[in-house]
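# Survey of secondary and tertiary structure
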Amino acid sequence: MMKRILLFAVLWLAASTIKANDSGQSLKLWYNKPAQKWTDALPIGNGRLGAMIYGGVEKERVQFNEETLWAGAPTDYARKGASQYLAQIRQLIFDGKQKEAEDLAMNEFMGDPLRQKAYQAFGDLILTFPGQSGFSDYYRELDLQKAVCRVCYRAGGVKYTREYLSSNPDQVIAIRLSADQAKALNFSLSFETLHPLHAVVAGEHSLTLKVQVTDGALRGVASLKVISDGAVNSADSLVSVSGASSATIYLAAATNFINYHDVSGDPEQKVKQTFDKIGQRSFKQVFESHTADYQTLFNRFSINFTSNDRVNLPTNERIIAFSKNPDDPQLLALYVQYGRYLLISSSRPGTQPANLQGIWNDQLKPAWESKWTVNINAEMNYWPAEVTNLSECQEPLYDLIKDCSETGAEVAREHYNCDGWVLHHNTDIWRGAAPINHSNHGIWVSGGAWLSRHLWEHYLFTQDKAFLARKAYPLMRGAALFFTEFLVKDPKTGWLISVPSNSPEHGGLVAGPAMDHQIIRALFRSCIEASEILNTDREFADKLREMLPQIAPDQIGKHGQLQEWMEDLDDPNDTHRHVSHLWGVHPGNEISWEQTPDLMKAARQSLVFRGDDGTGWSLAWKINFWARFRDGNHAYNMFKLLFRPVQIDDVPYSGGGGSYANLFDAHPPFQIDGNFGAPAGIIEMLVQSHLGNIVILPALPDALPCGTISGVCARGGFELSFSWKEGKLQKLSVLSKAGKSCKIVYGAKAIEFETKKGKTYSFNADLKKL
């Protein structure tokens, strides 16, 4: 008998060890206790519906969002007649009277209203489980491979299991509850919300929450439906289930939002249609269709580095361990895949793009209104989309650009008396395009131009000429048209400059910030190239060619730094979070070691002056910079800061950016941009294609001596898979998606070859064909 017990114990221990070390565990965030804070909870989403799962035992909180529930109403933010003050503002800036220029702009030139509107929390689904205060064997996980959250524990001799997902095919949040003993599952369901104007109504096996945004045009409806083998009872604002072995809950939600100028939708009808479609489908059926849909995106790409026993640590402990000793390469691979998971979960074709918090927000007044900040943050959200094979997830961003080109055309006319369109540093669901908040940072004219870069990059990665002709080029052209009329000659140098504007959130209202000129030059060049590819609009392209060399060039200052402004004003002791004047290094490409080594050296000096520390998204951008500088060790060292524990367990918070227990990026507070920017930076260490060739392992850090990556995409329409060992390339395969000429560079070796669409080419470590 004793031998049997010992054998069982050995087998159980072996099974537990296998579970912790199998390949699936490397794609999981997991914990041995329920979430105590929102930033401990685990996110699920289908692009439209998001939820945060706490995994509480006696009381479970499922905080949920519907992406179109916002404050405000359709609004034209443009200030009528503002352009009459433009010449005076410019002259004050030219005369060195910055404060007077900012004051005049605040009074006469800013958008109306001055602030944009906020993304809203919707509500909480509360599940109460009586008699489960004493529990053991607790386990909570987010499975990135299947996009499902699971919770399991034992209470009263019963094993309870919960599964949570947000389905894109069925447009519901689905929850499955089960017990391993018959009739042991008893619980109640209720809704809570922060919205003062709300109502909760119980129906047969159902519960409905209706909310009206205070002082806003939007209202939302969320309904749940319960399917169980136990007794289901409804009374007042509560649904209870008793004597069950299992139960399935479907939650659907909608608002009356149709688009930025139409709020005539019928949320009740939308919710009804969702439930009519799902009918009596079982959780298993919903789960299978959800997984199949999700994995068509997620499974295109994989990445692995050297693993160690830290995979056996709960994720909160793993973050703490990395901050002390960054010897956990596989955590970076997990972080890349987590970023991809978050992008799939917050940005799908037909939805809104991922905002400052993706789609996850538990407040009515979130930080920075949880909108789209387009002087870095919204763009950073999409940096990993193309390279990690999630091209479709960018489609919502293209829709936002189209909307903003319409509202931005009105702002261009009213504020600048220019054709084309302009977008300043923020937009919201009403697609505000005017300058907001304060003139010392809100008047920044390059938001539309930067967003247009994403349209061009999509063409570069896919070689989709139909997309370029139909969608990208008209928007790019409109953004460029604005600058052909907006740029003016600097009275001191004669260069064409951008004025009034600012170097994002740094230095106030100025003439000629370097970032503007880098973005504008990139926009003009991409429009010229697009014109040639499409064989159209030659006259406009010629105009851009004529203006390009007249735009103020990048300059090197007295400290050997890349100047942020026209004047040599940079302070070597300034550690501001924005490093905007390095846009030409990344995500732009006009500054590089190959083409402009002196400027590249100056840009590197600027980054050294700024220092390593910063907010979460700033750390992520610096990782990309150091990868472009081909200093992989410095880039890797940045992750010790990025994984700095913020509000995790009892670890003291030391300030600056970092990570919460659920690996959400900390500005702080939570901003999702770093969750996307840092994964893009990891890919930049492994492959770069921004200069017309494909460079393999351009910035490989010593800490990543071995690894494999597959499904990574490069400009020119190529998909790559390769492995390396002891820092050396082992094998490379290249799939040609567009049949273009391909040039591969690895160290001192380079090859160039013609390709056929759909064919894969394999090479050894010496770039010899296999």
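Residues numbered from 1 in each chain as written. Predicted model: local features only at pLDDT ≥ 70, side-chain atom pairs only at ≥ 80, totals over all residues. Heavy atoms only, no water.

With that settled, the discussion passes to the overall build of the protein. Across its full length, the protein holds 19 helices and 33 strands. Along the first, second and third principal axes, the C-alpha set of the protein runs to 90 × 65 × 50 Å. Across the 770 residues that make up the protein, the buried fraction comes to 61%. Accessible surface, the protein: about 27,600 Å² in total, of which carbon and sulfur atoms supply 50%. The average position of the 78 basic charges and that of the 84 acidic charges among the side chains of the protein differ by 6 Å. (Helix = DSSP H or I, 4+ residues; strand = E, 2+ residues; numbered from the N terminus. Buried < 20%, exposed > 50% of the residue type's maximum accessible area, 1.4 Å probe, protein only. Areas by Shrake-Rupley, 256 points an atom, 1.4 Å probe, with all protein chains shown as cover. Lys, Arg positive; Asp, Glu negative; His and termini not counted. Charge placed at Lys NZ, Arg CZ, Asp CG, Glu CD.)

The next point concerns the pattern of salt bridges. Inspection of the entire model under this criterion finds 43 salt bridges. For Lys272, the salt bridge identified is with Asp276, shortest N-O distance 2.8 Å. Taken together, the residues span about one helical turn, with Lys272 and Asp276 both in helix H4 (residues 267-278) at a distance of four residues. A salt bridge links Arg628 to Glu684; the nearest nitrogen and oxygen atoms lie 2.9 Å apart. Here Arg628, found in helix H17 (residues 616-628), pairs with Glu684, found in helix H19 (residues 673-686); they are 56 residues apart in sequence, far enough to count as distant. Arg628 gets classed as buried once you look at its relative accessible area, which sits at 4%. The exposure class assigned to Glu684 is buried, which follows from its relative accessible area of 9%. (Salt bridge = Lys/Arg side-chain N within 4 Å of Asp/Glu carboxyl O.)

Most of strand S31 (residues 742-746) sits out of view: four of its five residues are buried. Where strand S27 (residues 694-696) and S31 come together, two bridges link them in parallel fashion. Bridging across to S31, Val695 finds its partner in Val745. Pairing between S31 and strand S32 (residues 749-753): five bridges, direction antiparallel. Each bridged residue has a counterpart across the sheet, and for Ile744 the counterpart in S32 is Ile751. Hairpin remark: S31 followed by S32, antiparallel, with two residues in the connecting loop; positive phi at Gly747, about 60°. (Pairing = 2+ DSSP bridges.)

What follows covers the side chain of His690. The residue His690 is located in the loop between strand S26 (687-688) and S27 in this model. Judged by its relative accessible area of 11%, His690 is buried. At 3.4 Å, the side chain of His690 and the side chain of Arg628 are in polar contact. Not counting chain neighbours up to four residues away, the residues in contact with His690 comprise Asn589, Arg628 and Arg715. (Polar contact = N/O pair within 3.5 Å; in protein donor to acceptor, adjacent residues only side chain to side chain. Contact = heavy atoms within 4.5 Å.)

This brings us to the confidence of the model for the protein. Looking at the protein as a whole, its pLDDT mean stands at 95, while 97% of the residues score no less than 70. Note that pLDDT drops below 50 for residues 1-23; the model gives that stretch seven contacts with residues more than four away or on any other chain. (pLDDT = per-residue confidence, 0-100.)

A separate point is the pairing of strand S29 (residues 718-725). Sheet topology note: the strand S28 (residues 707-714)/S29 ladder contains seven bridges and is antiparallel. Within S29, the position partnered with Ile709 by the bridge is Phe722. Between S28 and S29, which pair antiparallel in sequence order, lie three residues; one of them, Gly716, sits at a positive phi of approximately 105°. Judged from the eight bridges that link them, S29 and strand S30 (residues 728-736) form a sheet pairing that is antiparallel. In the strand pairing of S30, Ser721 is matched with Ser733. The antiparallel pairing of S29 with S30 creates a hairpin that spans two residues between the two strands, and Glu726 there sits at a positive phi of about 50°.

Next up on the list: the sheet that holds strand S10 (residues 185-192). Overall, antiparallel pairing links the seven strands, which are arranged S2-S3-S4-S5-S10-S15-S14 in an open sheet. Each end of this open sheet is capped by a strand with a single partner; those strands are strand S2 (42-45) and strand S14 (231-235). Adjacent strand axes in the sheet meet at a mean angle of 20° when their direction is disregarded. One ladder, built from five bridges, connects strand S3 (residues 49-53) with strand S4 (residues 59-66); its direction is antiparallel. (Axes fitted to C-alpha atoms, helices over the stretch in contact; angles between N-to-C directions.)

Here we come to the nonpolar core. Counting residues in each nonpolar core, the largest one holds 236 residues, and the members touching the most others are Ile696, Leu720 and Phe722. Excluding its chain neighbours within four sequence positions, the residues that come into contact with Ile696 are Leu686, Val687, Leu720, Phe722, Leu729, Leu732, Ile744, Val745 and Tyr746. Membership of the second largest hydrophobic core comes to 14 residues, among which are Leu165, Val221, Phe275 and Val286. (Core = buried A, V, L, I, M, F, W, Y, C linked by side-chain atoms within 4.5 Å.)

So, about the packing of helix H13 (residues 465-486) against helix H14 (residues 514-534). The interhelical angle for the contact between H13 and H14, taken along N-to-C directions, is 140°, at an axis separation of 9 Å. It follows that H13 is oblique to H14 by the angle criterion. The chirality of how H13 crosses H14 is left-handed. Contacts between H13 and H14 involve Lys465, Leu468, Ala469, Tyr473, Met476, Arg477, Ala479, Ala480, Phe483 and Thr484 from the first element and Ile520, Leu523, Phe524, Ser526, Cys527, Ala530, Ser531, Ile533 and Leu534 from the second. (Parallel < 35°, antiparallel > 145°, perpendicular 65-115°, else oblique. Left-handed = near helix turned anticlockwise from the far one by under 90°.)

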